[in-house]
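Each chain, written out:
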Amino acid sequence: MKKFPPYAGLLERSWHYVYLLICAFVFLYLITPILLIIPLSFNAEPYFTFTKGMLALDADAYSTRWYTDFFTSDSWIHSIKNSFIIAIASTFIATALGTVAALGLSRSYMPGRTLIMSILISPMIVPLIISGAAMFFFYSNINLAQTFPGVILAHTALGTPFVVITVTATLVGFDQQLVRASQSLGATPMRTFFKIIMPLIAPGVISGALFAFITSFDEVVIVLFLSGYEQRTIPLEMWSGIREQISPTILAVATLLVTISILLLTSLEMLRRRNEKLRGMSPG
Amino acid sequence: MAQAELTANAMTTADGTPLKVSLRRAMRRNKLIAFGLTAPLLLFILISFLMPIFDMAMRSVDNAAVPEAIPRTVQALEAWDGEGMPPDAAFAAMAADLKEGQKTRTIGQAATRLNYQESGMRSLIMKSARRIGQYEAPWKAALIDIDDDWEDPAVWKLIKRQSGAFTAAYYLNALDYTYNEEGEVVEQPEYRQIYQMLFVRTLWMSALITGLCLLLGFPVSYLLATLPARHSNLLMILVLLPFWTSLLVRTTSWIVMLQTEGVLNDILVWIGLISDDGRMQMIYNKIGTIVAMTQILLPFMILPLYSVMRGISPSYMRAARSLGANPLVAFWRVYVPQTVPGMGAGGILVFILAIGYYITPALVGGQSGQLISNYIAYHMQQSLNWGLAAAIGTILLGGVLVLYLIYNRIVGIDNMKLG
């Protein structure tokens with residue numbers, strides 16, 4: 001229960017509860033669509049709404065048939081494999097390139113910093129439909145359209161801004177004296193990087209990598225333009241599923257994807273806390 | 001003499017180099033290292049991302065297909081002033097080009113290109129190219145015999161107009177303009193006007209969605225910023241989970257929620273607000289697009305607003321109250337102005353994302369909820385008018401870049417935070 005200041009009048013007090021109600025409504029609006037699909041994915045009937053049996057909590061009205069459907073379907077398994085291959089490969093390249101670039105950007109002697117930063121961030125700003133169309137033209141010309149390397153390169157470009165931003169942010173609190181100390185004690189630059197810098201910026205690097213991963217894993221517009229049948233990913237499969245014949249299998253996939261996001265969110269939160277602890281920003 | 005004295009007095013490093021030189025060297029080396037670290041990614045983005053964008057922008061004015069396919073005609077028409085019929089030499093050149101083009105199969109592209117300007121051009125050219133082999137000179141009579149459209153000076157004027165290596169025609173089309181027979185820029189006939197309306201619709205729907213996000217996001221951000229950390233962290237999950245959930249998952253859920261046999265209609269029927277056959281059409285139209293996009297973009301408004309509000313000290317409000325302001329005045333005159341940077345950052349972010357949105361409008365927008373991006377996709381995948389797709393895309397890109405510059409002024413890319 002909120003403690004009101006003594007000067008708060010009746011109107012102010014009642015407004016406070018109206019205000020809380022408004023906030024509750026907004027939170028409901030944000031979260032309901034996501035939570036709703038979880039029970040619906042266990043529907044025994046091929047409907048997208050709660051059946052009478054489901055509302056009565058009848059066990060027969062629930063089933064895991066859509067999950068069975070998903071795990072036994074060749075095209076879904078194929079697409080899940082592709083999604084992971086593409087996301088992992090592009091995350092790997094994006095994290096390596098992005099981390100090294102962030103190290104350069106956060107040095108005080110960086111020439112043309114603002115311009116370079118704007119160029120590096122640009123894949124995040126340009127609407128995906130434009131990136132997709134542009135990459136389609138260009139990658140077709142150099143025979144990279146409808147190939148795995150093409151899709152991976154495109155997703156790498158989309159993922160790098162996130163790595164650059166998170167790692168640069170982590171490096172703001174980084175003590176450059178440590179590097180000098182390490183080098184004055186005779187460590188090679190490589191050894192300094194892996195033994196001193198990397199452990200300290202690891203939380204930033206990992207959260208950047210997670211952003212890059214989810215960007216690639218969720219991405220559909222570029223895949224729509226660039227991938228052929230062989231490179232179909234989960235989002236693309238969902239996209240065509242929704243457009244053509246929407247089956248509750250999609251809800252099962254959606255539920256699995258929500259689970260993945262919950263896992264990612266939890267790991268990010270843990271990383272954030274670790275990072276704050278490392279920098280002594282919070283005692284927790 | 002003075003020079004020698006200066007050098008003698010200057011400080012040197014252990015090996016005798018003047019300190020100034022040594023410092024400059026070290027600075028240069030530092031700069032090189034910094035740039036060298038950034039260079040791989042810079043090069044990667046330039047090649048894999050910016051070159052494609054540049055290529056697309058070029059494609060929106062590219063017209064090389066025409067002069068490449070009918071070089072002789074282009075040359076022959078150069079001398080023609082556009083009055084009356086073109087010289088006989090132009091007919092002969094055209095016949096030669098058609099024969100050649102039929103053999104090398106380059107004529108099709110040029111025919112398609114000209115067809116964007118005037119429907120019927122493609123079939124005229126393709127038919128003539130197929131049949132010209134059976135004819136002998138004089139070529140003027142031959143071409144007119146194949147199709148008497150060749151007698152129409154307008155056809156020749158169109159070819160002359162489109163014979164340059166670059167064209168503004170795609171941009172004109174993207175803004176509902178075209179060339180008339182005299183080569184003047186005029187509005188498209190009304191039944192073909194669509195893009196101005198689409199640009200306007202995209203802008204006002206994005207503005208509406210941004211407004212709704214601000215309206216819904218402001219109270220929630222305020223709550224999150226004023227609650228003690230332990231509660232607000234818990235509530236923050238309700239904002240971050242949607243943020244991290246796949247876009248397609250959220251769009252799917254909105255289809256499930258809003259369709260006529262969907263959950264929301266079921267609830268409304270159940271509580272008796274609407275009858276079973278009076279179910280509301282809430283999806284596959286503008287409402288569907290607005291409701292779904294607002295929910296999807298709301299976290300992008302809440303997060304920057306929240307981070308600004310966290311930095312506002314509560315003592316300002318207390319001071320205002322103690323000086324006699326009533327709660328409303330204190331809030332409006334003291335608190336709200338301090339949140340303007342957050343509103344600006346969130347607002348522009350949401351607006352930038354909204355004007356380029358494609359997936360959600362395509363899935364839940366029906367006909368009336370389509371935005372400009374959907375037409376880029378349409379021209380990319382169905383009508384295959386890639387030049388027009390590139391022109392619309394370049395215009396949209398220009399708009400986004402302007403907004404981005406404003407965003408950069410307000411927030412600064414260095415201060416961009418994620419999650």
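Look a little higher up for the structure.
Just so you know, these numbers come straight off a predicted model, no measurement behind them. (Residues numbered from 1 in each chain as written. Chains lettered and ligands numbered in written order. Predicted model: local features only at pLDDT ≥ 70, side-chain atom pairs only at ≥ 80, totals over all residues. Heavy atoms only, no water.)

1. Remarks on the interface of chain B and chain A
Turning to step 1, where the next piece is worked out: The partner chain A presents 89 residues to the 88 residues of chain B that form the contact.
Turning to step 2, where the next piece is worked out: Across the chain B to chain A interface the summed buried area is about 8,000 Å²; carbon plus sulfur atoms make up 82%.
Turning to step 3, where the next piece is worked out: For the pair chain B and chain A, the number of links is one salt bridge.
Turning to step 4, where the next piece is worked out: Applying the counting rule to chain B against chain A returns nine residue pairs in polar contact (both at pLDDT 80 or more). (Contact = heavy atoms within 4.5 Å. Buried area = accessible area lost by both parts, 1.4 Å probe. Salt bridge = Lys/Arg side-chain N within 4 Å of Asp/Glu carboxyl O. Polar contact = N/O pair within 3.5 Å; in protein donor to acceptor, adjacent residues only side chain to side chain.)

2. Considerations on the pattern of salt bridges
Residue and element names in this part refer to chain B.
Turning to step 1, where the next piece is worked out: For the structure on display, the rule yields seven salt bridges over all chains.
Turning to step 2, where the next piece is worked out: A salt bridge links E100 to R72, with the shortest nitrogen-to-oxygen separation between them at 3.6 Å. Here R72 lies in helix α4 (residues 71-78) and E100 lies in helix α5 (residues 88-104), a separation of 28 residues in the sequence.
Turning to step 3, where the next piece is worked out: Judged by relative accessible area, E100 falls into the partly exposed class, the value being 37%.
Turning to step 4, where the next piece is worked out: A salt bridge links K140 to D88, with the nearest nitrogen and oxygen atoms 4.0 Å apart. Linking K140 in helix α8 (residues 139-146) with D88 in helix α5, this pair joins segments that are 52 residues apart in sequence.
Turning to step 5, where the next piece is worked out: Residues joined in a network through salt bridges with shared partners are R72, D97 and E100. (Helix = DSSP H or I, 4+ residues; strand = E, 2+ residues; numbered from the N terminus. Buried < 20%, exposed > 50% of the residue type's maximum accessible area, 1.4 Å probe, protein only.)

3. Some details on the packing of helix α4 (residues 74-105) of chain A against helix α9 (residues 189-218) of chain A
Residue and element names in this part refer to chain A.
Turning to step 1, where the next piece is worked out: Where α4 contacts α9, the two axes come as close as 8 Å, and the packing angle between them is 135 degrees. Judged on the interaxial angle alone, α9 and α4 are oblique. α4 and α9 meet at a crossing whose hand is right-handed. Contacts between α4 and α9 involve S83, F84, I86, A87, I88, S90, T91, A94, T95, T99 and L103 on the former and, on the latter, F193, I197, I201, V205, A209, A212, F213, S216 and F217.
Turning to step 2, where the next piece is worked out: A breakdown of the residues in the contact of α4 with α9 according to their chemical character gives 14 nonpolar, six polar and no charged. (Axes fitted to C-alpha atoms, helices over the stretch in contact; angles between N-to-C directions. Parallel < 35°, antiparallel > 145°, perpendicular 65-115°, else oblique. Left-handed = near helix turned anticlockwise from the far one by under 90°. Nonpolar A, V, L, I, M, F, W, Y, C, P; charged D, E, K, R; others polar.)

That's the geometry; what it means functionally is another story.
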